[in-house]
Each structure stands twice: as structure tokens, then as C-alpha cells.
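Take a look at the letters that make up each chain.
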Amino acid sequence: MSRLLPLAGRARRFGDDVNTDNIISSRRKRETIDPAKLCAYLFEDVEPGFASSLQSGDMLVAGRNFGCGSAMEVAVSAVLGAGIRAVVAKSFSRTYLRNALNNGLLAICADTEGIEEGETIELSEAGDGEAGAVQLRTSSGRLLSCDPLPPFMQAMLEAGGLVAYLQRRGGFAEPGQRAIPLSKESS
């Protein structure tokens, strides 16, 4: 995960059950699906001015069930368009987690209790030797273990998401194995 980590920046704090419509209103995707334009509306109905307050390196930190609601992919692409590279939450909805990984957004599960808005946090590889192990350090000195990322997810994220992964490898495969071709014509 050397390409992905370390990451350091401000925690931008949200609570439990952050709905995809909270992240980016579904009405906005009627106007455009361009992440460079959608990012200006990030969390506009929850915290007006949030998008304009972002700084380089900011990471979203939330409680349980981040990204619940509809499965709209723009809820991930708008986050990426705003320059946010990682979301740390106690848990993610299945569809948001899948959309995040498919699009190259690092989605990390950890106990986020006690992480404050604006606190500096750092994600890095854990030194315990476990493949995919991630740790989170807070500016108050707390060191939190995060759920490890399986090797396939690491490879997909390092490639920049699912499409880039498939283009690079020509199909699906575990790292070190022969890729399954995308079509009969590619074999």
C-alpha cells in the first residue's frame, strides 16, 4: 500500500448514518455528474460552506453506516473530486464501500470515537507485518488499529480503482495469479 499511505490531514467529522443524499444531493446529478463540478456541493444541505472550507489532505471521519441510502456513485466521485483521498468510519454501507473501492477512494473501518473535528490524523501502514494492516494516529497521541484491507482491495486501490485495475491486468486475478480475461476475444 506504499502508493496509498501514509496520508495525513484534518479530520472532517460526521456522525452515524450519513446518507448519500447528505454527501451530495441527488438533485445535483440532474445537472452534471462531473466530479470537478459536484465537489462544490459536498454536504451542502448538512453543512453549508463545507466544500469551500476543505483543505488539502482533509479526510472524512464518521460513525456507523457511512454512505447509507441510495447507491449513487456520485456520492463517491464528488468526494474524490473535492480532493479527499480517504474516509474513516466505524462502518460503511455495502454499496458505498463497493463504490468507494471501485473508484479508488480509500475506505477504512476503525473506531472513530473521540476523533474531533479539525484534529490532525494520519493513516499509515501498521508495523505489525500483517498484510494490509492500517493504523490511525491522532494528534492527541492515540494510535488506533483499523480493519486490514485484503490484498485484492489493496491492488485495486493502488491501481486507482476497478477500471484501472482491469485495464492494467486484463481481467480479475488475485495478486500473483493469472488474470481471468475480460472477454473471449482477450484470451
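Criteria and thresholds
- Residues numbered from 1 in each chain as written.
- Predicted model: local features only at pLDDT ≥ 70, side-chain atom pairs only at ≥ 80, totals over all residues.
- Heavy atoms only, no water.
- Helix = DSSP H or I, 4+ residues; strand = E, 2+ residues; numbered from the N terminus.
- Rg over C-alpha atoms; globule rule 2.2 N^0.38 Å.
- Buried < 20%, exposed > 50% of the residue type's maximum accessible area, 1.4 Å probe, protein only.
- Contact = heavy atoms within 4.5 Å.
- Areas by Shrake-Rupley, 256 points an atom, 1.4 Å probe, with all protein chains shown as cover.
- Lys, Arg positive; Asp, Glu negative; His and termini not counted.
- Charge placed at Lys NZ, Arg CZ, Asp CG, Glu CD.
- Pairing = 2+ DSSP bridges.
- Salt bridge = Lys/Arg side-chain N within 4 Å of Asp/Glu carboxyl O.

K.L.:
Please explain the overall build of the chain as it appears in this structure.
P.N.:
Across its full length, the chain carries 7 helices and 9 strands. Its C-alpha atoms give the chain a radius of gyration of 17 Å, near enough to 16 Å, the size a compact globule of 187 residues would have. Taken along its principal axes, the extent of the C-alpha atoms in the chain is 50 × 45 × 25 Å. By residue count, 47% of the 187 residues in the chain fall in the buried class. Partitioning the contacts of the chain with sequence separation of at least 6, the portion at a separation of at least 24 is 60%. Surface summary for the chain: the accessible area is close to 9300 Å², and the carbon and sulfur share equals 49%. Charge separation in the chain, taken as the distance between the mean sites of 20 positive and 23 negative side-chain charges, equals 6 Å.

K.L.:
Is there a simple way to think about unusual backbone geometry in this case?
P.N.:
The phi angle of most residues is negative, glycine excepted, and most peptide bonds adopt the trans form. Cis geometry is adopted by the peptide bond preceding Pro6, which originates at Leu5 and carries an omega value of 5°. Tracing the backbone through its elements, the reader meets Pro6 in the segment before strand S1 (7-13). Despite not being glycine, Asp17 shows a phi value in the positive range, around 55°. Looking at where Asp17 falls in the secondary structure, it is placed in the loop between S1 and helix H1 (20-23). Residues other than glycine seldom take positive phi values, yet Asn65 does so here, at roughly 65°. Mapped onto the elements of the fold, Asn65 is located in the loop between strand S2 (59-62) and helix H4 (74-81).

K.L.:
Before we go on, may I ask you to explain the pairing of strand S4 (residues 106-109) in this structure?
P.N.:
For a regular strand, side-chain orientation follows a simple rule: the groups alternate between the two sheet faces. The side-chain alternation of S4 yields two buried faces, one formed by Leu106 and Ile108 and the other by Ala107 and Cys109. Relative to S4, strand S3 (residues 86-89) runs parallel, the two sharing 4 bridges. Looking at S4, one finds that Val87 is bridged to Ala107.

K.L.:
Please clarify how the pattern of salt bridges should be interpreted in this entry.
P.N.:
Where charged atoms of side chains with opposite charge meet at close range, the side chains can pair. Enumeration according to the criterion identifies 10 salt bridges in this entry. Between Arg28 and Glu31 there is a salt bridge, and its shortest N-O distance comes to 3.3 Å. Where Glu113 meets Lys90, a salt bridge forms, and the shortest distance between an N and an O atom there is 2.7 Å. Here Lys90 lies in the loop between S3 and helix H5 (94-102) and Glu113 lies in the loop between S4 and strand S5 (120-125), a separation of 23 residues in the sequence. Judged by its relative accessible area of 23%, Lys90 is partly exposed.

K.L.:
What am I meant to see in H5 here?
P.N.:
Each full turn of the α-helix corresponds to 3.6 residues, which orients residues three or four apart in the same direction. For H5, the set of buried residues is Tyr96, Asn99, Ala100 and Leu101. Of the surrounding secondary structure, the elements contacted by the buried residues of H5 are H1, H4, S4, helix H6 (151-159) and helix H7 (162-169). Following H5 by one or two positions, Gly104 has its phi on the positive side, about 85°.

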